[in-house]
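Given next are the chains, with one letter for each unit.
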Amino acid sequence: STQSTGAANRKMPKSSMRNSMGVCASLLMSVLLGSVADAAKKDPSFLFMLGDDIGWADFSYNNGTAAAPRLNQWIRSPGTVLMQDFHTGGTVCSPTRATILTGRNHFRDCVDYVYGCSDMTECVPDFEFAPQRTFTIADTARAANRGYTSHFGGKWHLGSFYNDSEKLGGRTSSPVSHGFDRMNATVEVSPTATTNCECNQAWQPDCDYGHYGRMTHCGGGQGPDPKAKPGCCFNYWWESNEEEHGVTNLTHASPDDDAVYNADSFVRFAEGLEGSPFLAPVSYTHLTLPTKRIV
C-alpha cells in the first residue's frame, strides 16, 4: 500500500496559527539583525524563504500592489542589504529548487522538467534529482560539524518522499535523502490555501479554492478516501522512523491558510532547538492567490 495515515498529528491552536507569521517574521529579524556581540558568541542560523509566482515588481517595496509590511520593515532596518539582481538556473518549480539546493545548473543534476504527482498516497514519483547525490546546502550544514540542524518546509517538487520508492516504481528523492534532518513538506504543490481539503470527502466543504473555483495541478490515482476525487489530495509529510516508508502525514484537515501553516511549522522547529543554529529553506507555494497578503 502507498497510503500512510500517520500516528502523529501536528495540530496547533488556531490562535497560535494566526500569530505565526508575526512570530516567523520576528525570528527572521532576530537572525538577520542580531547584534555583533551575539554573532560573535554563536554561529548564525540561515532561513531562506522562496515564494512561487511573485514578480520583481509585485512587492510593495518596489511600488507593487502586494502588501508586504514585514518585508518592508526588514528592508528599512539597519544592516539589511537589499539585492535586486538575484537569479536561479530555472524559471519554473523543480529546476529552480534544484539550483537553490545545489548551487549548480539544474541540468547538471538531471532536472529538466516538472512532474505531476499530487500526493504520495496517489502516486510515487519516478523523478531523478541529483542521482549521484550532489552536495546540497543541507549537507553543508551537517559537514560544518558545529551543531546545525536542517529543516525543509513547504513545496519540495524534487521527487518521492518514500524511503523505499524503488519498490513501488519510483525513485527515492526526499529532503531527508538529500541531507536534511527534518522536513514538513508537500511532494508537489499546495494549489489552494486549504492544502489537503480533497484528501477526505468530509473535509471538502471547507475547501478554499480561490479564484479558480476548483483544485488544480491534480495528478495521480485514488487517494486515501475512496469517496474523494482521484488525484487531488495534496498533503503535508514529515519524517518518521516508526511509519511505513519512513514518513507520515496530516490525518486531519489542514488549516485555512497554507502559508500560515508553513510558517508555524518552521517556528515550532526553530523554537524546539532552544537557540541551536539551523539552516531552513521554507518554500511557499502561493503567496498571491487566494492569500491576500505577503509576509
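Residues numbered from 1 in each chain as written. Predicted model: local features only at pLDDT ≥ 70, side-chain atom pairs only at ≥ 80, totals over all residues. Heavy atoms only, no water.

Peer 1: What is the right way to read the pattern of salt bridges from this model?
Peer 2: Any two side chains of opposite charge can pair, so long as their charged atoms come close to each other. Following the criterion strictly, the structure yields 10 salt bridges and no others. Here D109 makes a salt bridge to R104, at a shortest N to O gap of 3.1 Å. Connected through salt bridges with shared partners, the residues D52, R97 and K155 form a single ionic network. (Salt bridge = Lys/Arg side-chain N within 4 Å of Asp/Glu carboxyl O.)

Peer 1: Please clarify how the state of the cysteines should be interpreted in this entry.
Peer 2: In a disulfide, the sulfur atoms of two cysteines are held together by a covalent bond. Scanning the model with the defined rule gives four disulfides in all. Paired by a disulfide, C197 and C207 hold their sulfur atoms 2.1 Å apart. Residues C197 and C207 are joined by a disulfide whose S-S torsion is about 110°; by sign, that bridge is right-handed. In this pair, C197 sits in the loop between strand 3 (182-186) and strand 4 (237-239) while C207 sits in the loop between strand 3 and strand 4, placing the two residues 10 residues apart along the sequence. Note on C197: relative accessible area 3%, which makes it buried. Disulfide pairing is shown between C199 and C233; the S-S distance is 2.0 Å. Classification of the bridge connecting C199 and C233 rests on its S-S torsion, roughly 90°, and on that basis the disulfide is right-handed. In this pair, C199 sits in the loop between strand 3 and strand 4 while C233 sits in the loop between strand 3 and strand 4, placing the two residues 34 residues apart along the sequence. Exposure class is identical for C199 and C233. Each is buried. (Disulfide = S-S within 2.5 Å. Helix = DSSP H or I, 4+ residues; strand = E, 2+ residues; numbered from the N terminus. Buried < 20%, exposed > 50% of the residue type's maximum accessible area, 1.4 Å probe, protein only.)

Peer 1: How should I be thinking about helix 4 (residues 69-76) in this particular structure?
Peer 2: Helical geometry note: an α-helix holds 3.6 residues per turn, so side chains three or four residues apart project in the same direction. Inspection of helix 4 places L71, N72 and W74 among the buried residues, and these make up the whole buried set. Relative to the axis of helix 4, the buried residues are bounded by an arc of 160° and lie together on one face. (Arc of directions from axis to C-beta.)

Peer 1: Is there a simple way to explain the nonpolar core in this structure?
Peer 2: Where a protein is soluble and globular, its nonpolar side chains tend to be buried together. Counting residues in each nonpolar core, the largest one holds 26 residues, and the members touching the most others are M120, F129, W156, L158, F161 and W237. Those elements that provide at least two residues to this core are helix 5 (93-102), helix 6 (137-143) and strand 3. The next biggest cluster of nonpolar side chains, apart from the first, holds 12 residues, and it includes F266, V267, F269 and L273. (Core = buried A, V, L, I, M, F, W, Y, C linked by side-chain atoms within 4.5 Å.)

Peer 1: What's the story with the confidence of the model for the protein chain in this structure? I'm lost.
Peer 2: Low pLDDT means the predicted atomic positions in that stretch should not be read closely. Per-residue confidence for the protein chain gives a mean pLDDT of 83, with 83% of residues at or over 70. Looking over the protein chain, one finds the lowest element-wise mean pLDDT in helix 1 (residues 14-18), namely 41, and the highest in strand 4, namely 98. Taken together, the stretch residues 1-24 has pLDDT below 50 and engages in 72 contacts with residues farther than four places along the chain or on a different chain. Confidence over residues 29-37 falls short of pLDDT 50; this stretch has nine contacts with residues more than four positions distant or in other chains. (pLDDT = per-residue confidence, 0-100. Contact = heavy atoms within 4.5 Å.)

Peer 1: Would you mind going over the packing of aromatic side chains with me for this structure?
Peer 2: Aromatic ring pairs are reported here in terms of the distance separating the ring centres and the angle at which the planes meet. Throughout the structure, instances matching the rule amount to 12 aromatic pairs. Plain terms: the ring middles of F59 and Y61 are 5.2 Å apart, the flat faces sit at 10° to each other, and that makes the pair stacked. The exposure class assigned to F59 is buried, which follows from its relative accessible area of 14%. Between F269 and F278, the aromatic rings sit 6.0 Å apart at their centres with planes inclined by 75°, giving edge-to-face as the arrangement. No difference in accessibility class separates F269 from F278, as the two residues are buried. Feature note: the residues F129, F152, W156 and F180 constitute an aromatic cluster, connected by ring pairs. (Phe/Tyr/Trp six-rings, centres within 6.5 Å; stacked < 30°, edge-to-face > 60°.)

Peer 1: Any chance you could explain the environment of T121 here in plain terms?
Peer 2: Tracing the sequence through the fold places T121 in the loop between helix 5 and helix 6. A relative accessible area of 6% places T121 in the buried class. Sequence separation between T121 and G231 is 110 residues; the distance between their C-alpha atoms is 9.2 Å. A distance of 2.7 Å separates a polar atom in the side chain of T121 from a polar atom in the side chain of D119. (Polar contact = N/O pair within 3.5 Å; in protein donor to acceptor, adjacent residues only side chain to side chain.)

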